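Chain by chain, the residues:
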Amino acid sequence: LIYCYRKPKTKRAKRFLEKREPKLKENTKNAMLIKGGNANLTVTEVLKDIYAVKKPFAVLYKKKNITRPFEDQTSLEFFSKKSDCSLFLFGSHNKKRPNNLIIGRMFDYHVLDMIELGVEKFVSLKDVKNSKCPEGTKPMLIFAGDMFDVNEEYRRLKSLLIDFFRGPSVPSIRLAGLEYVLHFTALDGKIYMRSYKVLLKKSGCKIPRIELEEMGPSLDLVMRRTHLASDDLYKLSLKQPKALKPKKKKNISHDVFGTTYGRIHMQKQDLSKLQTRKMKGLKKRPAEKSAEDGGASPKKSKSG
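Residues numbered from 1 in each chain as written. Predicted model: local features only at pLDDT ≥ 70, side-chain atom pairs only at ≥ 80, totals over all residues. Heavy atoms only, no water.

A. Just the overall build of the protein, in detail. Scanning the protein for helices and strands turns up 7 helices and 12 strands. In terms of overall size, the protein is more extended than a compact globule, its C-alpha atoms giving a radius of gyration of 33 Å where 304 residues would be expected to give roughly 19 Å. Summarising its shape, the C-alpha atoms of the protein cover approximately 120 × 70 × 40 Å along the three principal directions. Taking all 304 residues of the protein together, 29% fall into the buried category. Element-wise, carbon and sulfur atoms account for 54% of the exposed surface of the protein, whose accessible area totals about 22,500 Å². Distance between charge centres in the protein, computed from 66 positive and 33 negative side chains, equals 10 Å. (Helix = DSSP H or I, 4+ residues; strand = E, 2+ residues; numbered from the N terminus. Rg over C-alpha atoms; globule rule 2.2 N^0.38 Å. Buried < 20%, exposed > 50% of the residue type's maximum accessible area, 1.4 Å probe, protein only. Areas by Shrake-Rupley, 256 points an atom, 1.4 Å probe, with all protein chains shown as cover. Lys, Arg positive; Asp, Glu negative; His and termini not counted. Charge placed at Lys NZ, Arg CZ, Asp CG, Glu CD.)

Right, here's the structure in full:
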């Protein structure tokens, strides 16, 4: 198999290819939301609401696409390469699996893992008449339930949801920017997704009083089929380049209290030549000096 690389003919094409090249710090992950060939109104509204939450790092395909991700993944991989998206949410509906959602992620434009979820109850953004957060707000993610730590499928679902909703990496955080909460609860075989707006109220001190106001969308989900990557492939997808790994500092250690200790290596010193404090009691006599100089007679002091 011979791969022919064609050089870009325009500056715009060159910038486009440079944007897709591997980087030490990767771009913010984009998500594509695809509607299946037999999607109903509920699935369509779910995709629209999650697109509104995920914007501007999302692409919504409005046309229906007849595909089955668990049987054939080529169409998903094609859309992933076309739109440069590493996350996807596919919605469909049929008699066997009503109100079906498939959430997944890509690695090197191939499906890494995906999980099928069924929507049992749905409340959309427009059904809740409260104020909304502005577009592009980075959410705070909260996971409740032992299943997210005990069960391997739920653990992978937690990792997948964090990847999907985390948003861009930011160097600093301000208090006023913490205004959006996504809460996931795993209980009795179901996953409850709730979204809240954070209200900062006056409390009479520097720390404000916090209240949560339901904003929508809210989903009651049940897990169906799963397609998880093998341990070797999953470990390969988490591998970091050497340039990002912190360099190990030698001869430095820390104790339990956080105190830093350093070890210094020095050459062997001749203590006889060590400069000491000048005192009359430590002053050498002429006989000692002559012995050190090899028996040479000391100079006579001048008479007054």
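Picking up where we left off.
B. Summary view of the nonpolar core. Membership of the largest hydrophobic core comes to 34 residues, with the highest contact counts inside it found for I50, L89, I103, L117, L157, F164 and F165. When residues in this core are grouped by element, the largest group, 6 residues, is from helix α5 (residues 152-165). Counting residues in hydrophobic clusters, the runner-up holds 12 residues, among them L76, C85, F88 and V111. (Core = buried A, V, L, I, M, F, W, Y, C linked by side-chain atoms within 4.5 Å.)

C. Structural context of the side chain of S80. Residue placement: S80 occurs in helix α3 (residues 74-83). Setting aside residues up to four positions removed in sequence, S80 forms contacts with M32, C85, M106 and Y109. (Contact = heavy atoms within 4.5 Å.)

D. Up close: the pattern of salt bridges. Counting across every chain of the model gives 14 salt bridges. In this structure, E211 engages R209 in a salt bridge whose closest nitrogen and oxygen atoms are separated by 2.4 Å. On the basis of relative accessibility, which here comes to 32%, the residue E211 falls in the partly exposed class. The exposure class assigned to R209 is partly exposed, which follows from its relative accessible area of 41%. Within the structure, one salt-bridge network assembled from shared partners comprises K29, R105, D113, E152, R155, R156 and D163. (Salt bridge = Lys/Arg side-chain N within 4 Å of Asp/Glu carboxyl O.)

E. Structural context of unusual backbone geometry. Note the cis peptide between K55 and P56, where omega equals 5°. With respect to the helices and strands, P56 occurs in the loop between α2 (41-54) and β2 (58-65). With an omega of 0°, the peptide bond running from G216 to P217 counts as cis. By the secondary structure assignment, P217 is in the loop between β9 (209-214) and β10 (218-227). Although it is not a glycine, D108 adopts a positive phi angle of roughly 60°. Note that D108 resides in the loop between β4 (100-107) and β5 (110-123).

F. Local environment of α2. Taking 1.5 Å of rise per residue, the 14 residues of α2 would be expected to cover 20 Å, and the 20 Å separating its terminal C-alpha atoms lies within 8% of that figure. Among the residues of α2, V43, T44, E45, V46, L47, D49, I50, V53 and K54 are the ones counted as buried. (Expected span 1.5 Å × (residues − 1).)

G. Structural view of the pairing of strand β1 (residues 31-36). Of all 6 residues making up β1, 6 are buried, and the element is well covered by its neighbours. Here β1 shows a buried face lined by A31, L33 and K35 and a second buried face lined by M32, I34 and G36. Sheet topology note: the β1/β2 ladder contains 6 bridges and is parallel. Across the sheet, G36 pairs through a bridge with N65, a residue of β2. On the question of chirality, the crossover connecting β1 to the parallel β2 by way of α2 is right-handed. Bridge analysis of β1 against strand β3 (residues 87-92) gives 5 bridges, and the strand direction is parallel. (Pairing = 2+ DSSP bridges. Right-handed = clockwise from strand over helix to strand, strands pointing away.)

H. Here's a closer look at the side chain of S218. Along the chain, the position of S218 falls in strand β10. Non-local contacts of S218, meaning those with residues more than four positions away in its chain, are made with K121, F122, V123, M193 and R194.

I. Just the packing of aromatic side chains, in detail. This model, assessed by the stated rule, comprises 7 aromatic pairs. Note on F143 and F184: the rings are 5.2 Å apart at their centroids and 15° apart in plane angle, and the pair reads as stacked. Here F184 lies in strand β7 (residues 180-187) and F143 lies in strand β6 (residues 140-144), a separation of 41 residues in the sequence. Taking the relative accessible area as the measure of exposure, F143 reaches 21% and is therefore partly exposed. When the ring of F148 is compared with that of Y154, the centres are 6.2 Å apart and the planes differ by 70°; the resulting orientation is edge-to-face. The exposure classification of F148 matches that of Y154, with both residues buried. A connected cluster of aromatic rings, assembled from ring pairs, spans F143, F148, Y154, F164, F165 and F184. Positioned over the ring face of Y234 is R156, at 4.0 Å from the centre of the ring. The residue whose ring lies beneath R225 is F70, and the NZ or CZ to ring-centre distance is 4.4 Å. (Phe/Tyr/Trp six-rings, centres within 6.5 Å; stacked < 30°, edge-to-face > 60°. Lys NZ or Arg CZ within 6 Å of the ring centre and 35° of its normal.)

The values are spatial; any link to function lies outside them.
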